[in-house]
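Chain residues, written in single-letter form:
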Amino acid sequence: MTHYETIIGLEVHAQLLTESKMFCGCSADYADAAPNTHVCPVCMALPGVLPVINRAAVEKTIMAGLALNCTIAEEAVFARKNYHYADLPKGYQISQYELPFCRDGWIEVEAKVEAEVEAEAEAKRVGITRAHLEEDTGKLVHAGAHSLVDLNRAGVPLLEIVTEPDLRSPEEAHAYLTRLQQILRYLGVSSADMERGAMRCEANVSVRPVGVGEFGTKVEVKNLNSFKAVRQSLEYEVARQIALLEAGERVVQVTMGWDEANGRTVVQRTKESSADYRYFPEPDLPPLVVERAWVDAIAARLPELPDAKAARFVAEMGLDPREVAVLVADRAVANYFEAVVSAVRNPVSSRNRVSKYAPKTVANWITGELFRLMNAAGVGIDAVQITPAAFAELLALVDAGTINVNSARRALDGMFESGRRASDLVAELGLAQVSDAEALAGVVAEVLNRYPAEVASYRDGNEKLFGWLMGQVMRATRGKGNPAVVRELLDRALNVQR
Amino acid sequence: MLHSFTIHRAAALLRAGEISATELTAAVLDRIYAVDNAVKAYLTLLPEVALAQAAAADAAIAAARAAGTLADLPILTGIPLAIKDVITVAGVRTTCGSKILESYIAPYQAAVVDRLAAAGAVILGKTNTDEFAMGSSTENSAYFTTHNPWNLDRVPGGSSGGSAAAVCADECLAALGSDTGGSVRQPAALCGVVGIKPTYGRVSRYGLVAYASSLDQIGPLAKDVTDAAILLGAVAGYDPRDSTSVDLPVPDYVGVRDQGAGDRGLHGLRIGVPREYFAPGMQAEVEGAVRAAVELMAELGAEVREVSLPHTDLALPVYYIIAPAEASANLARYDGIRYGLSAPADSLWEGYRRTRGQGFGAEVKRRIMLGTYALSAGYYDAYYLKAQQVRTLIKQDFELALQDVDVIACPTSPTTAFRIGEKVDDPLSMYLSDVFTLSLNLAGICGMSMPCGFDAAGLPIGLQLIAGAFAEATILRAAFAYEQATAWHKQKPAPG
């Protein structure tokens, strides 16, 4: 069987997080609003209205362009894209055609080398053809025999990001989308939430026998509303195209839609019936001159991006790249982590001073214990009510030997629940660690008396029982015994009486 | 005879307390009732609104008199004006002369109407227009044709024919029109009134229903140059809602009258006469009257020389690519979904077909098709792009000519008012009526038409004065001087 290479290019639309819409003063935050309440003469396209460019949307576009390593145009031109549909009030969409804001960029994604067993991550550069600014359409709500038009979404700023045909598998497409979403969220320019329609994806897919230079006939796949849909539809489409070629048939250039329910792509439009959008420069908006100083000012405000942050964590804190990837996936988590590290290093009171708690320990506590609590509660880092300082205090209590790790976990549960301080919870729940050898010796003696058979077995050489007995002592202290002290007392007791 | 007053005369009498705005408005309404059955200038009349605004103006005048601040009162306070029905007035029907907007009531109003309202003006109603301002005679109005007050068998010109006829027949003191290829100046010429096409960006287009966005500009139609200057000054100025409006101070347009007055005349003013604008086929009386007007301006001290605008013959074909291209997009919004005519249908596409098929007239459909074709894949470069390149050449023609002269003088239209029905079946001949006006819109510069004589049939002839971008004051200076030396503007028709 011939081996095939997959060629994928993605077009992503991301709604920009601006106060107002792209060309009018209506609020762009229409989620949960009653239909047609975020509208005005401009976004309803009443006769005689004119668009005015939203400066914040342009800034966010330039910011995204810079983060995607694009060249920023010195002059950008809006264009009318003409087509009729009920959700498009003007009968044209104001978009960009010949002179977009951003061109010729790239981002690096973690691509998996095609391997059989353990796929090794490797950075792959994906070219960005262009990123331009346009307006979203309204929405149609189908109600029985009727379709209702809601124009709340009409005119919301939309950033369109188009890649080169650089992606070689559905996995790479998925990785690219993940990275793009991460970057847009880091920049704060878009919620990039696919499930809520704030980020939408279309793919161009083709296959060719390995070694062939020209691209195969491409098929456009639309209606990809989730990461899962992107991966599944691409896998389906690649398999469909390969099956066609294997059967000696041709791939026809069409636009397909992803049918989520039936898990297949369905033809929406053939090439012959494809629209001619008759683009021409928008006469209502003069070309927008993008001053270099403006771009520089935006560049200066650019936040640290995931790659740079990850590299810094590895270099400055000596963390493992794999662990760092988890921390930087979400900017808010990364910021929280850094804030805890900072609080640990610069405690508000000497009580919180931590000597040996390296960033590694902080990372473990966050990716282990805190993530466990967040997952169980189904909340994000934004909902966590434990301040970085409070987290640092908890770690300081462990470090000082006031509580052991088990108790710290229990205290963290309480802090997560109520937002209360670790020291209060330790006092209230009586979590303070018992290091008093005399008190603990009594407990050890009691346990040894209770389990004579096990003690005898241990002394006969069944050394595994030491851990079990240790556990019984800790249990008897309700987890508060200082493990080091307990271990020493138990060891002494068992071996003296031997 | 209050209805025959100019703005400046009425304003003086209002301030002197000799007339009231209510009397003035009532007199103009009476004039409309008397002659508009014959002239048919108005599509929508607003007598109650107008009288209420007049009463408010009277109160404002009384208050200002009591406070001793009459001098600060805007000059348009209490002045009854007409608005072309492509400009929105809040709460008032805006038809654009089209069936597709027959029932459309605008919920917001144009920037120019805001400015007029702030100045205390009285809005009498909305005047007839060729459908979506596409035409040169008002015969493309879906409702009726306006008649030229000088001869009711003749067209008033267009597309602002309703406004021009209303001014001419004293059915308002002055009016607003819109000019995309000559739609203010050509009807001004054919009705013997003054009309200005301001520089592109001088007046906000917000609330002007778009025909061709890169060419459209709102302009005044008035009984004399002073009134045109007053109305232009009132509506001009930057508007953040129109990104193509320009943030430049508005000069005192009336004040420049004094520069051309008295002994100083037109000394120092250089007037260019473009040789390409006296083409064979134009009405001899028009050429004669325009050349005589130029001679008179020379006698007033102007230096006259011939200039050349070599790409003049390309203006018409370029205009009929760019304007329809923009119109094809601008008119896409009339889809029967949100407002206006909505023909019942079983599917979205059938709804579009029926609504637009029934709602638009033949000329509008013709231009939508022309524009759609010119923008289509495979034709864009040959038509739209090429037209934009030639547009640049036309603009450069004017820039070059206006390096040597301050004002260009030429005919506004090659003929006087033609007969109703004469050109309706011959669009190309109708398009030629604007052959001298549309190049200015392509160049984005300003121009004016003012009366300069009559033909043997007693129909007025228009003189067109052209200047560079934002040089309206230069045109007005020449126009004031010429007007003071002539009496054409004082002649009145007797319609009905």
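In this text, all values refer to a predicted model and were calculated from it rather than measured experimentally. (Residues numbered from 1 in each chain as written. Chains lettered and ligands numbered in written order. Predicted model: local features only at pLDDT ≥ 70, side-chain atom pairs only at ≥ 80, totals over all residues. Heavy atoms only, no water.)

Draft legend 1. Spotlight on the overall build of chain A. Scanning chain A for helices and strands turns up 15 helices and 16 strands. The C-alpha radius of gyration computed for chain A amounts to 30 Å, which surpasses the reference 23 Å derived for 498 residues by more than 25%, pointing to a less compact arrangement than a globule. When the backbone C-alpha atoms are referred to their principal axes, chain A occupies close to 95 × 60 × 50 Å. In chain A, which comprises 498 residues, the proportion classed as buried is 51%. Within chain A, contacts between residues at least 6 apart in sequence are counted, and of these 70% link residues at least 24 apart. If you sum the accessible surface of chain A, you get close to 23,300 Å²; carbon and sulfur atoms cover 50% of it. Separation between the mean location of the 54 positive side-chain charges and that of the 67 negative ones in chain A comes to 4 Å. (Helix = DSSP H or I, 4+ residues; strand = E, 2+ residues; numbered from the N terminus. Rg over C-alpha atoms; globule rule 2.2 N^0.38 Å. Buried < 20%, exposed > 50% of the residue type's maximum accessible area, 1.4 Å probe, protein only. Contact = heavy atoms within 4.5 Å. Areas by Shrake-Rupley, 256 points an atom, 1.4 Å probe, with all protein chains shown as cover. Lys, Arg positive; Asp, Glu negative; His and termini not counted. Charge placed at Lys NZ, Arg CZ, Asp CG, Glu CD.)

Draft legend 2. Seen up close, the domain arrangement of chain A. All names here are of chain A. By domain assignment, chain A separates into domain 1 (4-298), domain 2 (306-429) and domain 3 (437-495). Just the C-alpha atoms count here: the centres of domain 1 and domain 2 sit 38 Å apart. Across the boundary between the two partners, domain 1 contributes 5 residues, which contact 8 residues of domain 2. The junction of domain 1 with domain 2 conceals about 590 Å² of combined surface from both sides, 48% of it contributed by carbon and sulfur atoms. For the domain 1 face of the interface with domain 2, the top three residues by lost area are Arg179, Gln182 and Tyr186, together amounting to 84%. For the pair domain 1 and domain 2, the interface holds 1 salt bridge. Aspartate 307 is the salt-bridge partner of arginine 179, the closest N and O atoms lying 2.7 Å from each other. Here domain 1 is connected to domain 2 by 5 residue pairs in polar contact (both at pLDDT 80 or more). (Domains from an automatic or database assignment. Buried area = accessible area lost by both parts, 1.4 Å probe. Salt bridge = Lys/Arg side-chain N within 4 Å of Asp/Glu carboxyl O. Polar contact = N/O pair within 3.5 Å; in protein donor to acceptor, adjacent residues only side chain to side chain.)

Draft legend 3. Quick peek at the side chain of histidine 132 of chain A. Residue and element names in this part refer to chain A. Of note, histidine 132 is situated in strand β7 (residues 121-135). Classification of histidine 132 by relative accessible area gives buried; the value is 4%. Among the polar contacts listed, one links the side chain of histidine 132 to the side chain of serine 95, at a separation of 3.3 Å. Looking at histidine 132, its side chain comes within polar contact range of the side chain of arginine 130, at 3.0 Å. Every residue in contact with histidine 132, bar those within four places of it in the chain, is listed here: Ser95, Gln96, Pro100, Leu158, Leu159 and Glu160.

Draft legend 4. Layout of the packing of helix α1 (residues 55-67) of chain A against helix α4 (residues 292-301) of chain A. Residue and element names in this part refer to chain A. Following both chains from N to C, one finds α1 and α4 inclined at 70°, their axes separated by 10 Å at the closest point. One finds that α1 runs roughly perpendicular with respect to α4. The handedness of the crossing between α1 and α4 is right-handed. Residues Arg55, Val58, Glu59, Ile62, Met63 and Leu66 of α1 form the contact with α4, whose participating residues are Trp294, Val295, Ile298, Ala299 and Arg301. Residues belonging to the contact of α1 with α4 are distributed by class as follows: 8 nonpolar, no polar and 3 charged. (Axes fitted to C-alpha atoms, helices over the stretch in contact; angles between N-to-C directions. Parallel < 35°, antiparallel > 145°, perpendicular 65-115°, else oblique. Left-handed = near helix turned anticlockwise from the far one by under 90°. Nonpolar A, V, L, I, M, F, W, Y, C, P; charged D, E, K, R; others polar.)

Draft legend 5. Layout of helix α2 (residues 21-39) of chain B. Residue and element names in this part refer to chain B. Maximum bend of α2: about 40°, positioned at tyrosine 33. All buried positions along α2 are accounted for by Ala21, Leu24, Thr25, Ala27, Val28, Leu29, Arg31, Ile32, Val35, Asp36 and Val39. Directly after α2, the chain includes lysine 40, whose backbone phi takes a positive value near 60°. (Bend = angle between axes of the 7 residues up to and from the residue.)

Draft legend 6. View of the sheet that holds strand β4 (residues 78-82) of chain A. Pairing within the open sheet is antiparallel, and its 3 strands lie in the order β5-β4-β15 (chain A). The sheet is open, and its two borders are formed by β5 (92-96) and β15 (280-281) of chain A, each paired with just one other strand. The pairing of β4 of chain A with β15 of chain A spans 2 bridges and is classified as antiparallel. Its bridge partner being in β15 of chain A, arginine 80 of chain A is matched across the sheet by phenylalanine 280 of chain A. Helix α9 (residues 312-330) of chain B rests against β4, β5 and β15 of chain A of the sheet, and its axis sits at about 65° to β4 of chain A. (Pairing = 2+ DSSP bridges.)

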